[in-house]
Amino acid sequence: MEITYALIEAYENLCKQQPEKYNLINRARVNKLLTCPTSGRVTGVQYATKGGNKTVTGTAVVIATGGYGAGVLEAGSLLQKVRKDLYDKKLPTTNGKHCTGDGIMIAQDIGGGAVGLNDVQVHPTGLVNPKLPNERTLFLAAGALRGEGGILLDREGNRFCNDLGTRDYVTGKMWSHNKGPYRLVLNSKCSKNIAWHCAHYCGRGVMKKVNHGTELAKEMGISPSALENTFNKYNQFFKNDSDPWGKPADFYRGTPWTLNDEFHVAVVTPVVHYTMGGLHIDNKANVLRADNKQPIAGLYAAGECAGGVHGRNRLGGSALLECVVFGRKAGKSVVEYVKTVQEDTPAAAGSVVTITIPQADGSSITVQISGNGVSTGAPSGSPTASPAEEKSTELKDYTLKEVSAHNSESDCWVVVNNQVLDCTEFMNDHPGGKMAIMTFAGKDASEEFNMVHDKNVVEKYASEYIVGNLKPTSKL
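Please read all numbers here as calculations on a predicted model, not as lab measurements. Within every chain, residues take consecutive numbers counted from 1 along the sequence as written. Where totals are concerned, whole chains, interfaces and linings use all residues; where local detail is concerned, this predicted model gives features only for residues with pLDDT of at least 70, and gives and counts side-chain atom pairs only at 80 or more. Side-chain calculation: all heavy atoms of the structure are included, whereas hydrogens and water are not.

(A) Region of interest: the side chain of Lys247. Turning to its location among the elements, Lys247 is positioned in the loop between α10 (224-240) and β11 (263-275). The cut-offs for exposure are 20% and 50% of the maximum accessible area for each residue type, with area from a 1.4 Å probe on protein chains only; residues under the lower value are buried, those over the upper are exposed, and the others partly exposed. Under the relative-accessibility criterion, Lys247 is labelled buried at 1%. Reaching out from Lys247, the side chain makes a polar contact with the side chain of Asp163 at a distance of 3.1 Å. Here the side chain of Lys247 touches Tyr234 through a polar contact of 2.8 Å, side chain to side chain. Once you skip the residues sitting within four places of it in the chain, Lys247 turns out to touch Ile151, Arg159, Asn162, Asp163, Leu164, Tyr234, Asp241 and Tyr252. Numbering goes from the N terminus for both helices and strands, where a helix is a DSSP run of H or I of at least four residues and a strand is a run of E of at least two. Each polar contact in these results corresponds to two N or O atoms within 3.5 Å; when the atoms are within protein, one needs to be able to donate a hydrogen and the other to accept it, and residues that are neighboring in sequence are counted only if both atoms are side-chain atoms. The contact criterion used throughout is that any non-hydrogen atoms of two residues lie within 4.5 Å.

(B) Broad picture of the pairing of strand β21 (residues 419-422). With 4 bridges connecting them, strand β20 (residues 411-416) and β21 associate as antiparallel partners. Directly across from Val415, in β21, lies its bridge partner Val420. Two strands are said to pair when DSSP picks up at least two bridges between them.

(C) Examining the packing of aromatic side chains more closely. Two aromatic rings from Phe, Tyr or Trp, using only the six-membered ring of Trp, form a pair when their centres are within 6.5 Å; if the ring planes differ by under 30 degrees the pair is stacked, by over 60 it is edge-to-face, and anything between is tilted. As enumerated under the stated definition, the model contains 11 aromatic pairs in all. Taking 5.6 Å as the distance between ring centres and 35° as the angle between the ring planes, the aromatic pair formed by Phe238 and Tyr252 counts as tilted. A residue pair is termed long-range when its members are at least 10 positions apart, and Phe238 in helix α10 and Tyr252 in the loop between α10 and β11 qualify at 14 residues. For Tyr252, a relative accessible area of 5% gives the class buried. Ring-pair connections join several aromatic residues into one group, and the members of that group are Phe231, Tyr234, Phe238, Tyr252, Trp257 and Phe263. Whether a charge sits over a ring depends on NZ of Lys or CZ of Arg being within 6 Å of the ring centre and within 35 degrees of the ring normal. The positively charged end of Lys247 is found above the aromatic ring belonging to Tyr252, 5.1 Å away from the centroid. A cation over an aromatic ring shows up here: Arg314 above the ring of Tyr274, its NZ or CZ 4.2 Å from the ring centre.

(D) Quick peek at the nonpolar core. Only buried Ala, Val, Leu, Ile, Met, Phe, Trp, Tyr and Cys residues count toward a nonpolar core, and they belong to the same one when joined by side-chain atoms within 4.5 Å. Counting 40 residues, the largest nonpolar core has Leu127, Leu145, Val185, Leu216, Leu227, Phe231 and Trp257 as its most contacted members. Going through the elements one at a time, β8 (151-153), α6 (167-177), β9 (182-187), α8 (195-203), α9 (213-220), α10, β11 and α14 (434-438) are the ones with two or more residues in this core. Setting aside residues no more than four positions away along its own chain, Val185 makes contact with Gly150, Ile151, Leu153, Leu216, Trp257, Phe263, His264 and Val265. Formed by 35 residues, the second largest nonpolar core is a distinct cluster that contains Val45, Ala107, Leu279 and Phe326.

Scope: geometric values only; no functional claims are made or implied.
Encoded structure:
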């Protein structure tokens, strides 16, 4: 999250400092790549907003739209076409609803090639919220939980796999063993080393802390003796380095396991997490044509939308690395390409191309490109007051009791840092998914919110949803 916010803020600062060069358009969905009718090179994009289709033109386009994992939720999606077996399982996903492969498909529409589209990673530990058992956009239980010693148990309290196996291996074992619901369990020694994650997941309602093994057994619906038997076997496997599923003793953590301990426990399920397939690129991030494997002039791709980088199964911890490496390669390639285009195809004297760029405040910036260079017009239109400014005189104070009445999907209020937000319309735009908001419907989410967000996020991105303030002495 910190990396993402830092990148967003850096770009937003560029937009403020150099608006003639940088622009950010929100709540828009790119649906077409524009190409030159004579040369075929990519010259911009068409995107859809509530006001209809609009276009932005330029010399090159970098596609960085992510993968297509959320297609498991959408009929007719790219994922359904390439992995109907996963779609038919009605699996949940960790992906935001925007990850449907749009960037891949619009490149294919102009002849772009793709590789490995059937290579879809199903992660074994999506976190199930017991209060929202049918939710299909889930949080991911970080692999570090198992790395620090967490073990996977079936509904009878037994281990069934090498807890540290690859994602496809563990998922396969869960499906073949077929004794869910499965639980991820950490004892106090394990959870101590990953305390932030445990606190975060507990706050989100997808993990629970229990004070003794008997309480854990009750939570799982099994006898304490059955759980104790599993722990005793596990301790023995460690002592003799004889794990039947091949987990090396060197990677055991938290031993010895006993009932006389505190535990963190979460229900986990296989979840569509990452798509290894995507656009066919070369080592300079050029998107290659499907027919002759030659670069499409002016088109580049980086991140999960590019295929073949990770083979058939990505290892944990490498996704951001891919984004950095190929993001930089794409940037370098674009700079080199733009120089050649400017040299080879200068604008004819007297010809003018006008681009109008709408701004978030209701105004617009006009850019004119001619043989004499680039000129930028001042923002036109009267900037309107922000929704927050318009509402500032209307805001009232609410008690937590009053907020708690707004606790449904059709009427959802949440308190964040003493501000009351009506999230009913926002939850569908929330990058973390609807469940992240519904967990705190009618409640104060400040503590968990501040664990993963900068405190200025609401003012910057959701100020129009602020409906009031929390009364200072408010208590349920």
